[in-house]
Amino acid sequence: MSASDPRPGDALLIVDVQNDFVTGGCLAVQGSDEAIAVLNRYIAAFRDRHLPILATRDWHPAGHFSFKMRGGVWPPHCIAGTHGAAFAPALELPCDTVIVSKATTSEQEAYSGFEGTELCARLRDLGVRRILVGGVATEYCVLSTVHDALRLGFQVLLLEDAVRAVDVAPGDGERAIEEMRRLGAKITRLESVAA
Ligand code: VGL
Ligand code: ZN
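Everything numeric in this text was worked out from a predicted model, so none of it was measured.

### Some points on helix 4 (residues 172-183)
Okay, so step 1: The end-to-end C-alpha distance of helix 4 is 16 Å, a good match for the 16 Å that 12 residues give at a rise of 1.5 Å each.
Okay, so step 2: Taken residue by residue, helix 4 has Asp-172, Gly-173, Ala-176, Ile-177 and Met-180 as its buried positions. In an axial view of helix 4, the angular spread of the buried residues amounts to 140°, which keeps them on one side of the axis. Turned more than 90 degrees off the buried face of helix 4, the exposed positions are Glu-174 and Arg-182.
Okay, so step 3: The secondary structure elements touched by the buried residues of helix 4 are helix 3 (138-151), strand 5 (155-164) and strand 6 (186-188).
Okay, so step 4: Two residues or fewer after helix 4 comes Gly-184, characterised by a positive phi angle close to 120°.

Following this line, the structure appears as structure tokens:
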């Protein structure tokens, strides 16, 4: 039994594994297919142990201010209710997954799953003390979510093999992982977590 073995008080938090962010999507993150395969192994481990699984999703209105036509930096993505905003079908989310939508109004951005959402309250209600975090993109929504989780007093295990980066500048993903380590997250991989 390792320190990373999922145990009561743990939750799996899957960040933004949505069609627009995976292979074939308008903001596809390289390597997302491999990340999904690894996430499915973590999902199985959490299901076997009856531990909670939560998933965040970017859930924007059509005219979100982060979109280029409104002066933002991104192409239109994850518009609420569209195919692009749906969870990637290859991700084997159980039907009792707790879903948290973020950045749902036109003038609000939320890279962090905690920003303007019920995520913190849901985790506290579930008695969660430690979260295991994977998903996309490492240097945007994963980094912000991990940052807030640590600030709010949760322990964080970053699932290094279950995250992928956009890497607008080469190395952005690696630097984000280093930053999460510096902030107090532990970095782990599937072989260290009983799966
Ligand atoms: C994200 C870009 C824009 C993310 C969300 O989930 O990392 N990236 N909106
Ligand atoms: Zn977005």
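### Section: unusual backbone geometry
Okay, so step 1: Residue Ala-137 follows Val-136 across a cis peptide bond; omega there is -15°.
Okay, so step 2: Positionally, Ala-137 belongs in the loop between strand 4 (130-136) and helix 3.
Okay, so step 3: Look at Cys-78: it is not a glycine, yet its phi comes out positive at around 50°.
Okay, so step 4: Within the fold, Cys-78 resides in the loop between strand 2 (53-58) and strand 3 (98-102).
Okay, so step 5: Take Cys-78: its relative accessible area is 0%, and that puts it in the buried class.
Okay, so step 6: We note that Ala-103 has phi near 50°; this positive angle belongs to a residue other than glycine.

### Quick look at the sheet that holds strand 4
Okay, so step 1: Strand order in the open sheet formed by 6 strands is 3-2-1-4-5-6, with parallel pairing between adjacent strands. Two strands close off the open sheet at either side, each with one partner strand: strand 3 and strand 6. The sheet shows a mean angle of 25° between the axes of neighbouring strands, taken without regard to direction.
Okay, so step 2: Looking at chain direction, strand 1 (residues 10-15) and strand 2 are connected through 4 bridges and run parallel.

### As for the coordination of the zinc ion (ligand 2)
Okay, so step 1: Taken together, the protein donors to the zinc ion (ligand 2) comprise Asp-58 (OD), His-60 (NE2) and His-77 (NE2), at separations of 2.0 to 2.2 Å.
Okay, so step 2: Its 4 donor atoms give the zinc ion (ligand 2) angles of 87 to 169° at the centre, a pattern that matches the irregular case.
Okay, so step 3: Between the donor residues of the zinc ion (ligand 2), the gaps in sequence give the motif D-x1-H-x16-H. Of this pair, Asp-58 sits in strand 2 while His-77 is found in the loop between strand 2 and strand 3, placing the two residues 19 residues apart along the sequence.
Okay, so step 4: In this structure His-77 comes out as buried when scored by relative accessible area, which is 3%.

### Side note on the nonpolar core
One recurring pattern in soluble globular proteins: nonpolar side chains tend to sit buried together.
Okay, so step 1: Core analysis: the largest hydrophobic core is formed by 26 residues, its most contacted members being Leu-123, Ile-131, Val-133, Val-142, Val-146 and Met-180.
Okay, so step 2: Within the residue set of this core, elements represented by two or more residues are strand 1, strand 3, helix 2 (119-125), strand 4, helix 3, strand 5 and helix 4.
Okay, so step 3: Top contributing element to this core by residue count: helix 3, with 5 residues.
Okay, so step 4: Excluding anything up to four places from it in sequence, Met-180 contacts Thr-138, Val-142, Leu-143, Val-146, Leu-150, Leu-158 and Ala-185.
Okay, so step 5: Leu-12, Val-38, Leu-39 and Phe-46 belong to the second largest nonpolar core, which has 22 residues in total.

### Examining helix 3
Three or four residues apart is the spacing at which side chains of an α-helix point the same way, because the helix has 3.6 residues per turn.
Okay, so step 1: Summarising burial for helix 3: 10 of the 14 residues are buried, a large majority.
Okay, so step 2: Buried residues of helix 3: Thr-138, Glu-139, Tyr-140, Cys-141, Val-142, Leu-143, Thr-145, Val-146, Asp-148 and Ala-149, and no others.
Okay, so step 3: Buried residues in helix 3 make contact with strand 1, strand 3, strand 4, strand 5 and helix 4.
Okay, so step 4: Gly-153, located one to two residues past helix 3, shows a positive phi value of around 95°.

### Observations regarding the site of ligand 1
Okay, so step 1: The environment of ligand 1 is made up of Asp-16, Phe-21, Asp-58, Trp-74, His-77, Val-136, Ala-137, Tyr-140 and Cys-141.
Okay, so step 2: A distance of 2.6 Å separates an oxygen atom of ligand 1 from a polar side-chain atom of Asp-16.
Okay, so step 3: At a separation of 2.9 Å, a nitrogen atom of ligand 1 approaches a polar side-chain atom of Asp-58.
Okay, so step 4: In isolation ligand 1 exposes 260 Å². Once the protein is present, 98% of that is buried.
Okay, so step 5: A molecule is said to occupy a pocket when more than half its atoms come within 2 Å of that pocket's grid points, and by this definition ligand 1 occupies the largest cavity.

About the thresholds
- Numbers given to residues run from 1 along each chain, matching the order in which its sequence is written.
- Chains carry letters from A onward and ligands carry numbers from 1 onward, assigned in written order.
- In view of the model being predicted, local features appear only for residues whose pLDDT reaches at least 70, and side-chain atom pairs are presented and counted only at 80 or more, with totals across whole chains, interfaces and linings using the full set of residues.
- Note that water and hydrogens are dropped before the side-chain values are worked out from all heavy atoms of the structure.
- Secondary structure elements are taken from DSSP: a helix is a run of H or I of four residues or more, a strand is a run of E of two residues or more, and numbering for both begins at the N terminus.
- Expected span of a helix, by definition, is 1.5 Å for each gap between consecutive residues, and there is one gap fewer than residues.
- Burial classes follow relative accessibility: with a 1.4 Å probe on protein chains only, a residue under 20% of its type's maximum area counts as buried, one over 50% as exposed, and anything between as partly exposed.
- Taking the helix axis as origin, the arc is that swept by the directions to the C-beta atoms.
- Contacts were defined at the residue level, with two residues in contact if any of their heavy atoms lie within 4.5 Å.
- At least two bridges found by DSSP between two strands is the condition for calling them paired.
- Every axis corresponds to a line fitted to the C-alpha atoms, with the helix fit spanning only the stretch in contact, and the corresponding angles, defined between N-to-C directions, vary from 0 to 180 degrees.
- The donor set comprises N, O and S atoms within 2.8 Å of the metal, extended to 3.2 Å for Na, K and Ca; water molecules are omitted, so apparent gaps in a site may simply reflect that omission.
- Under this scheme a four-donor centre is tetrahedral when all angles range from 85 to 135 degrees, a four-donor centre is square planar and a six-donor centre octahedral when opposite donors are above 155 degrees with the rest from 65 to 115, and any other centre is irregular.
- Nine residue types can take part in a nonpolar core, namely buried Ala, Val, Leu, Ile, Met, Phe, Trp, Tyr and Cys, and a core is a set of them joined through side-chain atoms within 4.5 Å.
- One heavy atom within 4 Å of a molecule or strand is enough for the residue carrying it to be called near that molecule or strand.
- Any N or O atom pair separated by 3.5 Å or less is treated as a polar contact, with the protein-specific requirement of one donor-capable and one acceptor-capable atom, and with residues adjacent in sequence counted only for side-chain atom pairs.
- Per-residue and other accessible areas follow the Shrake-Rupley method at a 1.4 Å probe size, with only the shown protein chains counted as cover for residues.
- Buried and open spaces are told apart on a 1 Å grid over the protein atoms alone, a cavity being a set of points where a 1.4 Å probe fits but cannot get out and a pocket being an open set with protein on both sides within 12 Å along at least five of seven lines. Residues with an atom within 4 Å of a point are the lining residues.
- Pocket occupancy is defined atom-wise: a molecule lies in a cavity or pocket when more than half of its atoms are within 2 Å of its grid points.

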